[in-house]
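Notes for the structure review
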Amino acid sequence: MHGRRRLAILLASVLALVLAGSGAATAKQQIKRYVALGDSYTSGPLIPLQRLDPIGCARSTNNYPSMVARQLGVKRFTDVSCGGADTTHMTQPQEVTLGVNAPQFDALRPETDLVTLGIGGNDHGVFGNVVGVCPTLRASDPAGAPCQEHFTVDGVDTLKVAIADTGERVSEVLAGIHERSPRATVLVIGYPRIAPPSGTCPDVLPFADGDYVWLNDIEETLNAALAKAVAEDGRSTFVDMYPASLGHDACAGADAWIQGKDTDVLAAASYHPRRSGMAGVAKEIIGALQHSA
């Protein structure tokens, strides 16, 4: 009896491995032409090795699009993501240090069969406002929420208002992708969490204590706007990195997917994903593709 039980367990394990492998193989067989669109959370500033086409886009050979392309063995892979990009740079050129990044939609073709899109954080300067302003206000009220107060006017959170418009812009971007690449599987990549759900780490993430909760709220609002755009589109899939990155925020030490306030010139720009974060996103993308295969 014990021998039969061990044999059954072994066969079940082998079957699980075969099924998992067949899912990856199916995704690999289906994807031949992959285009990655996005901002710095896609391009990967300072993650080695950095590409030079143009250098101002801070595009890494180890960002999540590159990892996905390698894992799936994609034959034609084009990464046009660029640091600082917003939704307008899908159809307009973006001037960067030592060059110009062409409109990202220029990379799309009718035969493109996978598109990943990571965009929205730079629209209306939301991301730049949060990381640029909040640390400067901590000293004024370390235990309070001075940054939330700064961006609240007449009881209205101005960043949340801006994010609502960003969602509309992303809807237009999705329509543009479908128009240019009607056969493509389109994945919209959400933003991973920067701050922990509780606790603080001011030496790494120098926000006032109360602004940690607000930062999470802003990120969740942005991700919700992206998810809404995807739901209304009906032809794309949202890859939600917020729950997937639980325990990997900037305060998580060695487990962090996001760099804190101090730039590491050999690893990641401040407040941006590390290579481990890119690997986490790539894993979720592969999972989403296998699920839909």
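Fair warning: this is a prediction, and the values are worked out from it, not measured in the lab. (Residues numbered from 1 in each chain as written. Predicted model: local features only at pLDDT ≥ 70, side-chain atom pairs only at ≥ 80, totals over all residues. Heavy atoms only, no water.)

**Observations regarding a positive patch on the surface**
On the surface, Lys32, Lys75, Arg76 and Arg183 cluster together into a positively charged patch. Within the element layout of this structure, Lys32 appears in the loop between α1 (2-30) and β1 (33-38). (Patch = residues over 30% accessible without salt bridge, like charges linked within 9 Å, V, L, I, M, F, W, Y side chains within 5 Å. Areas by Shrake-Rupley, 256 points an atom, 1.4 Å probe, with all protein chains shown as cover. Salt bridge = Lys/Arg side-chain N within 4 Å of Asp/Glu carboxyl O. Lys, Arg positive; Asp, Glu negative; His and termini not counted. Charge placed at Lys NZ, Arg CZ, Asp CG, Glu CD. Helix = DSSP H or I, 4+ residues; strand = E, 2+ residues; numbered from the N terminus.)

**Digging into helix α7 (residues 209-233)**
Because an α-helix completes one turn every 3.6 residues, residues spaced three or four positions apart along the sequence face the same direction. The end-to-end C-alpha distance of α7, which contains 25 residues, comes to 37 Å, matching closely the 36 Å that a straight helix rising 1.5 Å per residue would cover. Immediately downstream of α7, the backbone of Gly234 shows phi near 75°, a positive value. (Expected span 1.5 Å × (residues − 1).)

**Regarding unusual backbone geometry**
Note the cis peptide between Pro48 and Leu49, where omega equals -10°. The peptide bond linking Asp53 to Pro54 adopts the cis configuration, its omega dihedral lying at -5°. Notably, Asp154 is not glycine yet its phi reads approximately 55°, a positive angle. As for its placement among the helices and strands, Asp154 is situated in the loop between β6 (152-153) and β7 (156-157). Using a relative accessible area of 77% as the deciding quantity, one classes Asp154 as exposed. Unlike most non-glycine residues, Tyr271 shows phi in positive territory, near 60°. Note on placement: Tyr271 falls in the loop between α8 (241-244) and α9 (275-292). (Buried < 20%, exposed > 50% of the residue type's maximum accessible area, 1.4 Å probe, protein only.)

**As for the nonpolar core**
Of all hydrophobic cores here, the largest spans 49 residues; its most connected members are Leu37, Leu117, Leu174, Ile177 and Leu205. The set of elements that each furnish at least two residues to this core consists of β1, β5 (114-118), α4 (126-137), α6 (158-180), β8 (185-189) and α7. Among the elements that take part in this core, α7 stands out by supplying 9 residues, more than any other. Look past the residues within four positions of Leu174 in its chain and what remains in contact with it is Leu117, Val186, Val188, Ala229, Val230, Asp233 and Ser236. The next biggest cluster of nonpolar side chains, apart from the first, holds 22 residues, and it includes Ala69, Val239, Ile285 and Ile286. (Core = buried A, V, L, I, M, F, W, Y, C linked by side-chain atoms within 4.5 Å. Contact = heavy atoms within 4.5 Å.)

**Side note on the environment of Ile119**
On the secondary structure map, Ile119 appears in the loop between β5 and α4. The buried category is assigned to Ile119, whose relative accessible area is 1%. Sequence separation between Ile119 and Thr42 is 77 residues, and the spatial gap between their C-alpha atoms is 8.4 Å. Not counting chain neighbours up to four residues away, the residues in contact with Ile119 comprise Gly38, Asp39, Ala85, Asp86, Thr87, Met90, Val170, Tyr191 and Leu226.

**A short note on the state of the cysteines**
As enumerated under the stated definition, the model contains 3 disulfides in all. For Cys57, the disulfide goes to Cys82, at an S-S distance of 1.9 Å. Judged by the torsion about the S-S bond (-85°), the Cys57/Cys82 disulfide is left-handed. Of the two residues, Cys57 is situated in the loop between α2 (40-43) and α3 (64-72) and Cys82 in the loop between β2 (76-79) and β3 (94-96); the sequence distance between them amounts to 25 residues. Neither Cys57 nor Cys82 differs from the other in exposure class; each is buried. Disulfide pairing places Cys201 opposite Cys251 at an S-S distance of 1.9 Å. Between Cys201 and Cys251, the S-S dihedral sits near -70°, and the bridge is therefore left-handed. (Disulfide = S-S within 2.5 Å.)

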